[in-house]
Amino acid sequence: MRTYSLLKGMPIYNVRSGKKIGDVCDLSISDNGKVTGLLVKKGVFFKQTYFLAIDKVSSFGWDGVMIESSEQLEKLKSTPENTISHQSPLYGKMMLSKSGDSLGLLKDVYFQEEVGTIVGYEVTDGFFTDITEGKQVIETYLPPAIGKDAIIVDVNDT
């Protein structure tokens, strides 16, 4: 299991040549709550954003993401509908239970690297609550409802 905060800024390497291809800058998330791929910044002076499908990743290491070839990166023509921090970010969006209870603001996501399934959401109620009560993780294996104003998750049937 991996979190977005652990992946952000992680280098992506070519397995065969050992050459660094780019850095992870965001996650692409489908409407049914599945990580579909990584957004990758590539370039020295004029960085461009590319899309790397999750099934094209050879392995997720603690110090880098490995892929077979740089041809697996697709030039990003339009920003995915749901990302963590780019246009229309999910970060900081209100999370609600299906019963209408506020769970907090989305801070991070936990997902299974091999298949992209999101299994948990880290939420915050503010800086002081995080210090006094610690991190709060909402576990769910059911797809969320991602809306313009909030993310609705089913916390009862996990």
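Above this note sits the structure.
Let us look at the structure shown here. For every chain, the first residue of the written sequence is number 1, and numbering continues from 1 onward in sequence order. Residue-level local features of this predicted model are given only where pLDDT is at least 70; pairs of side-chain atoms are given and counted only at 80 or more, and the full residue set underlies all totals for whole chains, interfaces and linings. As a rule here, side-chain values come from all non-hydrogen atoms in the structure, and water together with hydrogens is ignored.

## Topic: a nonpolar patch on the surface
Patch building starts from residues that exceed 30% relative accessible area and form no salt bridge, then joins like charges within 9 Å and nonpolar side chains (Val, Leu, Ile, Met, Phe, Trp, Tyr) within 5 Å. Surface accessibility follows the Shrake-Rupley procedure with a 1.4 Å probe radius. Residue values consider only the protein chains on display as shielding. A side-chain nitrogen of Lys or Arg and a carboxyl oxygen of Asp or Glu constitute a salt bridge if their distance falls within 4 Å. Residues V44, F45 and F46 make up a contiguous nonpolar surface patch of about 480 Å² in total accessible area. Segments assigned H or I by DSSP are reported as helices when at least four residues long, segments assigned E as strands when at least two residues long, and all are numbered from the N terminus. By the secondary structure assignment, F45 is in the loop between strand 4 (35-42) and strand 5 (48-53).

## Some details on empty space enclosed by the protein
Cavities and pockets are found on a 1 Å grid laid over the protein atoms alone: a cavity is a set of points where a 1.4 Å probe fits but cannot escape, a pocket is an open set with protein on both sides within 12 Å along at least five of seven lines, and a lining residue has an atom within 4 Å of such a point. Grid points are joined across faces, edges and corners, and a volume is the space filled by probe spheres set on the points. Evaluated as defined, the whole model comprises 1 cavity of 30 Å³ or more. Reported here for the largest cavity is a volume of approximately 40 Å³. Residue lining of the largest cavity: I29, G33, L90, V109, I118, Y121, P144, I146 and I151, and that is the complete set. Under the grouping applied here, Gly and all other residues not named as nonpolar or charged are polar, the nonpolar ones being Ala, Val, Leu, Ile, Met, Phe, Trp, Tyr, Cys and Pro and the charged ones Asp, Glu, Lys and Arg. Partitioned by chemical class, the residues of the lining of the largest cavity number 8 nonpolar, 1 polar and no charged.

## Observations regarding the nonpolar core
Residues belong to a common nonpolar core when they are buried Ala, Val, Leu, Ile, Met, Phe, Trp, Tyr or Cys residues joined through side-chain atoms within 4.5 Å. Three exposure classes are used, based on accessible area relative to the maximum for each residue type with a 1.4 Å probe and protein chains only: buried under 20%, partly exposed in between, and exposed over 50%. Residues L7, L27, L38 and V65 are the most contacted members of the largest nonpolar core, which totals 32 residues. If we skip the residues at most four places from it in the chain, L38 touches L7, V24, D26, L27, Y50, F51, L52, V57, F60 and V65. Note on contacts: a residue pair qualifies if any of its non-hydrogen atoms lie within 4.5 Å across the two residues.

## Some words on the pattern of salt bridges
Think of it this way: side chains of opposite charge can pair up when their charged atoms draw near. Scanning all chains against the criterion turns up 3 salt bridges. Among the ionic pairs, E113 bridges to R2, the shortest N-O distance being 3.8 Å. One end of the pair, E113, is in the loop between strand 11 (102-111) and strand 12 (118-124); the other, R2, is in strand 1 (residues 2-3), with 111 residues separating them in the sequence. Taken as a pair, E113 and R2 share a single burial class, namely buried. Measuring nitrogen to oxygen at the nearest pair gives 3.1 Å for the salt bridge that ties D23 to K20.

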